[in-house]
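# Report on the structure
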Amino acid sequence: MSAAKHQRVELPADSREKSDAAIVERLQKCADRTSALLKELLPPVAGPEGRVVEAMRHGCLNGGKRLRPFLAVATGELFGVPQSETLRTAAAIEMVHSYSLVHDDLPAMDDADLRRGEPTVHVVYDDATAILAGDGLLTEAFTVLASPETHPDSDVRVALIAGLAQASGAQGMVGGQMIDMSPDREEFDLDGITRLQALKTGALIKFSCQAGAILGRANREQYSRIDAYADDLGLAFQVVDDLLDVEGTTEALGKPAQQDAQAQKATFVGQLGVAGARQKAAHLAESAIAQLDVFGGEADPLRQVVHFVIERRS
Ligand code: GRG
């Protein structure tokens, strides 16, 4: 029996409930600390440029699960790095994630007016300010990583900067977004959708885990296990996102539901159907957890967050 089945099936119900409650609490605590740090890193600014900072704050302080910061922190903890030493990196990753959402919501892309239950940045401000706010968040992330406050060793800082740049750019998230806008997207097969999603959403999720491994100076074997875990988790996250788009409500999601079909997006649900997509998410979850079998109990938060990702409702 795989590690995932062992965890999921054989835990007594009350112990499973405790582990679910524990991960929700851990996520919430990490989200609160990330939000507090983001507030500190992005103080309001006087003068006419203050408007873009306000828009940046709207884009990244308006809720969100803060899953990527949690992954960076939990992976760091796996290697004995205290949360206080991962949090600036986690906040930088969340800035990049928030920038991608601000730009993705623009009329030129998904044209969405709701995000995290709030009006989107271009609705509250205007399109030009939303573009600048996204640019501001993206560039500020690298300012944060470049600071010795993030890590005293410049080699570690350069590895973080290079990793985040790679995950965010044309070889990562930006490339995935471009593929997602391709006029041929309706013809993508499962491999095509998998590649698109590995870049669009998977790359930043993967880097979040890698960041913890970089800060924790993981060895080669540990690093490759974390990579494989993150690949499976990132894909499971996206399969569930596709399911939520079909099955969720705008109210629960905090963003417009049924957007994928309207935009004729290539999705896992479109390829596999709802039941097939659910099964795929379960297989990926099992595989992600199995990658962690070289670690002991210190990897439990990373195991538990896999269940959170596939069972989430928003
Ligand atoms: C515009 C460069 C650029 C990239 C956009 C990631 C992305 C690429 C667009 C987001 C569109 C989208 C809804 C993708 C589905 C997966 C995803 C990233 C969902 C939002 O992430 P969550 O669920 O959001 O972690 P919260 O609000 O919890 O942070």
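For the structure given in this document, a descriptive report is provided here. (Residues numbered from 1 in each chain as written. Predicted model: local features only at pLDDT ≥ 70, side-chain atom pairs only at ≥ 80, totals over all residues. Heavy atoms only, no water.)

Quick look at the nonpolar core now. One finds Leu71 and Tyr229 to be the most contacted residues of the largest nonpolar core, which totals 66 residues. Those residues in contact with Tyr229, other than ones at most four positions away along the chain, are Leu71, Cys209, Ala288, Gln291, Leu292, Leu302, Val305 and Val306. Listed in part, the 19 residues of the second largest apolar core include Leu235, Val240, Ala277 and Ala281. (Core = buried A, V, L, I, M, F, W, Y, C linked by side-chain atoms within 4.5 Å. Buried < 20%, exposed > 50% of the residue type's maximum accessible area, 1.4 Å probe, protein only. Contact = heavy atoms within 4.5 Å.)

Looking at where Gln259 falls in the secondary structure, it is placed in helix H13 (residues 259-262). Discounting residues that sit within four places of it in the chain, Gln259 has contacts with Asp110, Ala112 and Asp245. (Helix = DSSP H or I, 4+ residues; strand = E, 2+ residues; numbered from the N terminus.)

On to the pattern of salt bridges. With the rule as written, the count across this model stands at 19 salt bridges. Its salt-bridge partner being Glu77, residue Arg26 comes within 3.9 Å of it at the nearest N-O pair. Within this pair, whereas Arg26 is found in helix H2 (residues 13-41), its partner Glu77 is found in helix H4 (residues 67-78), the two being separated by 51 residues in sequence. Overall, Arg26 belongs to the partly exposed group, its relative accessible area being 39%. Given the relative accessible area of 31%, Glu77 is considered partly exposed. The salt bridge involving Arg115 is made with Asp105; its shortest N-O contact spans 2.9 Å. One end of the pair, Arg115, is in strand E1 (residues 114-115); the other, Asp105, is in the loop between helix H5 (83-104) and E1, and 10 residues separate them in sequence. (Salt bridge = Lys/Arg side-chain N within 4 Å of Asp/Glu carboxyl O.)

In the region of the ligand, 21 residues are neighbours, and Lys65, Arg68, His97, Asp104 and Arg116 sit closest. Here Arg116 contributes a side-chain N or O atom positioned 2.8 Å from an oxygen atom of the ligand. In isolation the ligand exposes 700 Å². Once the protein is present, 93% of that is buried. Mapping the ligand onto the cavity grids shows that it belongs to the largest pocket. Counting only elements with at least two residues in the shell around the ligand, the list comes to H5, helix H9 (173-180), helix H10 (190-215) and helix H11 (220-247). Considering only residue class, the shell around the ligand consists of six nonpolar, seven polar and eight charged. (Near = heavy atom within 4 Å. Polar contact = N/O pair within 3.5 Å; in protein donor to acceptor, adjacent residues only side chain to side chain. Areas by Shrake-Rupley, 256 points an atom, 1.4 Å probe, with all protein chains shown as cover. 1 Å grid on protein atoms, 1.4 Å probe; cavity = no way out; pocket = protein on both sides within 12 Å on 5 of 7 lines; lining within 4 Å. Sits in = over half its atoms within 2 Å of the grid points. Nonpolar A, V, L, I, M, F, W, Y, C, P; charged D, E, K, R; others polar.)

Take a probe with the size of a water molecule and roll it over the atoms, and the empty space left behind shows itself. Each pocket or cavity is described by its volume, and for the largest pocket that value is around 980 Å³. Forming the walls of the largest pocket are 42 residues, and the residues nearest its centre are His97, Leu101, Asp104, Arg115 and Lys255. Of all the secondary-structure elements, those providing two or more residues to the lining of the largest pocket are H5, H9, H10, H11, helix H12 (250-253) and H13. A class-by-class count of the residues in the lining of the largest pocket yields 14 nonpolar, 12 polar and 16 charged. (Points joined across faces, edges and corners; volume = space filled by probe spheres on them.)

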